[in-house]
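# A closer look at the structure
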Amino acid sequence: MGERIKKLKKIRIHREGTSELLYSAIFIIALCTGLWYLLYHVNPLVSHIVTPIFSGVLIVAWLMVLNFYRCPIRYFNGDTDKLVVAPADGKIVVVEEAEENTYFHDKRLMISIFMSPLNVHANWFPVDGKVKFVKHFNGNYHKAWLPKASEENEHADIIIETADGQEILVRQIAGAMARRIVTYAKEGEECYIDEHLGFIKLGSRVDVYLPLSARACVTMDQPTTGDQTIIAKLA
């Protein structure tokens, strides 16, 4: 790894969910307390039965949201030169040559990762390099695993240039449930594997477009771990 500078976000719960988790916890406590108080003055027995059940359902729902916003601290162990690391947790849904007509206007090796609502939704930079371009596009909300989602859905594009001049396009894509894409990448900044690229709320997808000379290291339906799984090697 050498002496690379890493701008790591050292958090266990992602900052995108901090306020939502706090406010929802306060709401649940207030709601359950109020329910217990009202029912207790009507029928104490009913209060002791209904309130725990109602509270349990809300707590389970809150824990599911907590699980969604978890953000494990990860470090890629090894030399990152020429490696492309998974930008997200999920499952490989595309490994193929595809036309990229927005920037490159030629064929690229396309690798796509689908994230279910149960996956970690933080996104990492897949390569070391420099951010050349960042742009957000409004669009539709097709199911994220559909081919047309890559271009028609709301998405954010980030182009990274590696030290040897190869350009990588990373595309954060909103899905049928996802309604917010957050991108931390800034044009002109150096970026590194282990650094957070952004965050996508609920089910979504991340596409990576690589030069055709790159060699894919994953197969269809293979699970990926963000910042850990090697998805390709650059020539």
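Residues numbered from 1 in each chain as written. Predicted model: local features only at pLDDT ≥ 70, side-chain atom pairs only at ≥ 80, totals over all residues. Heavy atoms only, no water.

### Some remarks on unusual backbone geometry
Phi is positive for Lys 82, close to 70°, though the residue is something other than glycine. Checked against the element boundaries, Lys 82 lands in the loop between helix H2 (44–68) and strand S1 (83–85). Here Asp 221, not a glycine, exhibits a phi torsion of approximately 70°, which is positive. In this structure, Asp 221 sits in the loop between strand S12 (215–216) and strand S13 (223–224). (Helix = DSSP H or I, 4+ residues; strand = E, 2+ residues; numbered from the N terminus.)

### Points about the sheet that holds strand S8 (residues 181–183)
Ordered by their spatial adjacency, three strands build an open sheet running S4-S10-S8, and the pairing between neighbours is antiparallel. The open sheet has two edge strands, strand S4 (122–124) and S8, and neither has a second partner. Across the sheet, the axes of successive neighbouring strands diverge by a mean angle of 20°, strand direction being ignored. When S8 meets strand S10 (residues 196–200), the two strands line up antiparallel, connected through three bridges. (Pairing = 2+ DSSP bridges. Axes fitted to C-alpha atoms, helices over the stretch in contact; angles between N-to-C directions.)

### With respect to H2
Here H2 contains 25 residues, and its C-alpha end-to-end distance of 36 Å stays within 8% of the 36 Å for a straight helix at 1.5 Å per residue. Listed in full, the buried residues belonging to H2 are Ser 47, Thr 51, Ser 55 and Phe 68. Looking at the buried positions of H2, the neighbouring elements they touch are helix H1 (18–42) and S10. At the N-terminal end of H2, a side-chain oxygen is found 3.0 Å from the backbone nitrogen of Leu 45, two or three residues along, and the residue is Asn 43. (Expected span 1.5 Å × (residues − 1). Buried < 20%, exposed > 50% of the residue type's maximum accessible area, 1.4 Å probe, protein only. Contact = heavy atoms within 4.5 Å. Polar contact = N/O pair within 3.5 Å; in protein donor to acceptor, adjacent residues only side chain to side chain.)

### Brief notes about the packing of aromatic side chains
Tallying each qualifying case throughout the model produces two aromatic pairs. Measuring from ring centre to ring centre gives 4.9 Å for Trp 36 and Tyr 40, while their planes differ by 20°; the resulting arrangement is stacked. Of this pair, Trp 36 and Tyr 40 both sit in helix H1, four residues apart, which is roughly one turn of the helix. Judged by its relative accessible area of 35%, Trp 36 falls in the partly exposed class. A relative accessible area of 35% places Tyr 40 in the partly exposed class. Where Tyr 103 meets Phe 133, the ring centres are 5.0 Å apart and the plane angle is 65°; that geometry is what we call edge-to-face. You can see Tyr 103 sitting in the loop between strand S2 (90–100) and strand S3 (106–115) and its partner Phe 133 sitting in strand S5 (residues 129–137), a full 30 residues away along the chain. For Arg 108, the ring lying beneath its charged end belongs to Phe 104, and the centroid distance is 3.7 Å. (Phe/Tyr/Trp six-rings, centres within 6.5 Å; stacked < 30°, edge-to-face > 60°. Lys NZ or Arg CZ within 6 Å of the ring centre and 35° of its normal.)

### As for the environment of Asn 77
When you line up the elements, Asn 77 lands in the loop between H2 and S1. For Asn 77, a relative accessible area of 77% puts it in the exposed group. Taking the C-alpha atoms as reference points, Asn 77 and Gln 228, 151 residues apart in sequence, are found 8.1 Å from one another.

### Observations concerning the sheet that holds S2
Spatially, the eight strands line up as an open sheet ordered S9-S5-S6-S7-S11-S3-S2-S13, and their pairing is antiparallel. Two strands lie at the open edges of the sheet, namely strand S9 (190–191) and S13, each paired on one side alone. Bridge analysis of S5 against S9 gives two bridges, and the strand direction is antiparallel. Its bridge partner being in S9, Gly 129 is matched across the sheet by Cys 191.

### Observations regarding the pattern of salt bridges
Following the criterion strictly, the structure yields seven salt bridges and no others. Ionic pairing is found between Asp 89 and Arg 74, a salt bridge with its closest N-O pair at 2.7 Å. Residue Asp 89 is located in the loop between S1 and S2, and its partner Arg 74 is located in the loop between H2 and S1; the two are separated by 15 residues in the primary sequence. There is no split in this pair, since Asp 89 and Arg 74 are both buried. (Salt bridge = Lys/Arg side-chain N within 4 Å of Asp/Glu carboxyl O.)

### A short note on the side chain of Asp 227
Following the sequence through the fold, Asp 227 ends up in the loop between S13 and strand S14 (230–233). At 2.9 Å, the side chain of Asp 227 and the backbone nitrogen of Asp 194 are in polar contact. Once residues lying within four places of it in the same chain are set aside, the contact partners of Asp 227 are Arg 74, Tyr 75, Phe 76, Val 85, Ala 86, Trp 124, Ile 193 and Asp 194.

Taken by themselves, the reported measurements are silent on function.
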